[in-house]
Amino acid sequence: MSDEHQAAALGAAGHPLAQTPHLDRLARRGLRFTNAVTPSPICVPARAAFASGDYVHRTGHWDNAMPYTGRPPGWGHALQAAGIRVESIGKLHYRAADDPNGFDIEHIPMMVAGGVGMVWASIRGEEERWAPEGRMLGAEIGPGESAYTRYDSAVVDETRAWLRDARAHEAPWCLFVGLVAPHFPLVAPPAFYDLYAAAPLPGRKLHPADGHPRHPWVEKQNAYLDSEGRFAGPEERDRAIRAYFGLCSWLDHNVGQILAALEEAGLSPETAVVYTSDHGDNVGARGLWGKSNMYREAVGVPLILAAPGGPVGEVQTPVSLLDLSATIADHFGASLSPGRPGRSLFDVAARPDPDRIVFSEYHAAGAVSGAFMVQSTRAKYIHYEGFAPELFDLVEDPGENRDLAGDPAYAALEAEMRDALHAICNPAAVDAQAHRDQAALVARLGGREAVRTLGAPGATPPPAS
């Protein structure tokens, strides 16, 4: 699992710029799910949902200050109960290594800062929100090294060593590897930045400076940090795009190193491999950077599943990381707790269903109210609590360029998608509960002034940095 890898940023997905030969090769020998989404487009809630196999609004991991603590139990615990060796290497973004997180051993784990995370971002009121000084994307943008690229190198080295020794341990086993790239800071190792240094960049998509109005909820959320407004100029913005794709290729290189180690250990013929990310990145679309909204750039994730002798091809049926949670348990003959919404990805691939609904929600940094999304292959509906919704026809408009909410010609589709959302949750009740829980957290930790200094002021630091 990488961090912040946009679903479209794969050669296998036909991206005109992204160079990802190792992931493309993996996709050719397995299944690539073309409509995969995150349960929440921000790190900690997405990872807690994946760990537990359940929706954010059912577990209460609302934001980056409410990390996974091993409860409720998830796929890792199911494997442990079944006697499967299960370990992790790298980024988890849970609370602490001494929590019962569902791993027998956690190697060089990256957890939320101080065990509390970004509590300052739990302050949700529009007039009360506070953000630290500085630019969320990082002070430097362009070619170079960062604490994150160095950490990814350490994760790869640890993984290669683990795989070399895997034959000495009794099978079966499950290894989770957490890489950070292409998460900001947007500093890419020079050899990978240089792949894009002279590449022509695509034009701006739906940029406000070109006359495209952003949805009012999105406008308020983005105003919280406004990464676009903090570039020194168009040249630095271009460097940010090149650095992002450089980091995608750096990530791909690291995946290639891991797959080569698996091959060298003689384990490839008997090992299923999954690649995904916790969420995407806007990379400048609509003048937005990072994640934190329900558009395809932020909520979509790459998802590749390659199993020895398994099916090959592209799967258009919508899926979620919660389906991956169910798949891991099912693969080893284990089961998640009853009531979890995910299904095995093998089962989904075998039974195409264009009307299948997947769901995502956001209650975190900058959001003045909750955002909720349901998506099929035909349509996407976004509910913003207290604001007008958005509706997109994904057949005619896969880029989500034209909002159809309120259009009489699409009234039936809008009602159908709205009903699908309400079949999953009551948005108003969920939004109210998130605000109550976050206010209680802030109060418990000393109030608004006190929490400004808790956790990391920006991107979570890796261990030993």
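Calculation notes
Residues numbered from 1 in each chain as written. Predicted model: local features only at pLDDT ≥ 70, side-chain atom pairs only at ≥ 80, totals over all residues. Heavy atoms only, no water. Helix = DSSP H or I, 4+ residues; strand = E, 2+ residues; numbered from the N terminus. Polar contact = N/O pair within 3.5 Å; in protein donor to acceptor, adjacent residues only side chain to side chain. Buried < 20%, exposed > 50% of the residue type's maximum accessible area, 1.4 Å probe, protein only. 1 Å grid on protein atoms, 1.4 Å probe; cavity = no way out; pocket = protein on both sides within 12 Å on 5 of 7 lines; lining within 4 Å. Points joined across faces, edges and corners; volume = space filled by probe spheres on them. Core = buried A, V, L, I, M, F, W, Y, C linked by side-chain atoms within 4.5 Å. Contact = heavy atoms within 4.5 Å. Nonpolar A, V, L, I, M, F, W, Y, C, P; charged D, E, K, R; others polar. Phe/Tyr/Trp six-rings, centres within 6.5 Å; stacked < 30°, edge-to-face > 60°. Lys NZ or Arg CZ within 6 Å of the ring centre and 35° of its normal.

Asks: Before we move on, could you go through the side chain of Thr 59 and cite the residues and values that matter?
Replies: The topology assignment puts Thr 59 in helix α3 (residues 56-59). Polar side-chain contacts of Thr 59 include one of 2.8 Å to the side chain of His 61.

Asks: Just give me the short version of unusual backbone geometry, but keep the residues and values in it.
Replies: With an omega of -5 degrees, the peptide bond running from Arg 71 to Pro 72 counts as cis. Summarising the element assignment, Pro 72 is placed in the loop between α3 and α4 (75-81). In this structure, Pro 185 follows Phe 184 across a cis peptide bond, with omega equal to 15 degrees. Here the phi dihedral of His 93 falls at roughly 65 degrees; this positive angle occurs in a residue that is not glycine. With respect to the secondary-structure elements, His 93 resides in the loop between β3 (85-91) and β4 (105-110). You can call His 93 buried: its relative accessible area is 3%. Although it is not a glycine, Ser 292 adopts a positive phi angle of roughly 75 degrees. Here Ser 292 is to be found in the loop between β8 (273-276) and α9 (296-299).

Asks: Explain the layout of surface pockets to me, using residue names and the numbers behind them.
Replies: By rolling a water-sized probe across the atoms, one finds the places where empty space is left. Roughly 950 Å³ of volume is contained in the largest pocket. Lining the largest pocket are 40 residues, and of these Gln 6, Ala 8, Arg 296, Glu 297 and Pro 398 lie nearest its centre. As a volume, the second largest pocket reaches approximately 810 Å³. What lines the second largest pocket is a set of 33 residues, among which Leu 175, Thr 271, Ala 272, Val 273 and Val 274 lie closest to the centre. For the lining of the second largest pocket, the secondary-structure elements that each account for two or more residues are α5 (147-165), β6 (173-178), α8 (234-264), β8 and α10 (321-331). Here the lining of the second largest pocket gets five residues from one element, more than from any other, and that element is β6.

Asks: Run through the nonpolar core, naming residues and quoting values.
Replies: Judged by nonpolar contacts, the single largest core of 79 residues is most densely connected at Leu 163, Leu 186, Phe 245 and Tyr 362. The dominant element in this core, judged by the number of residues it contributes, is α8, at 14 residues. Residues in contact with Phe 245, not counting those within four places in the same chain, are Ala 9, His 15, Leu 17, Ala 18, Tyr 196 and Val 283. Core analysis: the second largest hydrophobic core is formed by 34 residues, Phe 33, Leu 79, Leu 305 and Val 315 among them.

Asks: Run through empty space enclosed by the protein, naming residues and quoting values.
Replies: By the definition in use, this model includes three cavities of 30 Å³ or more. Taken as a whole, the largest cavity encloses approximately 370 Å³ of empty space. What lines the largest cavity is a set of 30 residues, and nearest its centre among them are Met 136, Phe 184, Leu 225, Lys 291 and Ser 292. With three residues, the single largest contributor to the lining of the largest cavity is helix α7 (residues 216-223). When grouped by side-chain class, the residues that make up the lining of the largest cavity number 15 nonpolar, twelve polar and three charged. There is about 40 Å³ of room inside the second largest cavity. Ser 146, Tyr 148, Thr 149, Asp 152, Val 180, Ala 181, His 183, Pro 185, Val 187, Leu 247 and Trp 250 together form the lining of the second largest cavity. Counting residues per element, the lining of the second largest cavity draws most heavily on α5, which supplies three residues. Class assignment of the residues belonging to the lining of the second largest cavity gives a composition of seven nonpolar, three polar and one charged.

Asks: So what about the packing of aromatic side chains? Which residues, and what values?
Replies: A complete count under the given rule lists 17 aromatic pairs for this structure. Ring geometry for Phe 50 and Trp 75: centres 5.6 Å apart, planes at 50 degrees, overall tilted. Of this pair, Phe 50 sits in helix α2 (residues 43-52) while Trp 75 sits in helix α4, and the two are 25 residues apart along the sequence. Neither Phe 50 nor Trp 75 differs from the other in exposure class; each is buried. Among the aromatic residues, those joined into a cluster by ring pairs are Phe 50, Trp 75, Phe 103 and Phe 176. Just above the ring of Tyr 295 sits the side chain of Arg 286; from NZ or CZ to the centre is 3.8 Å.

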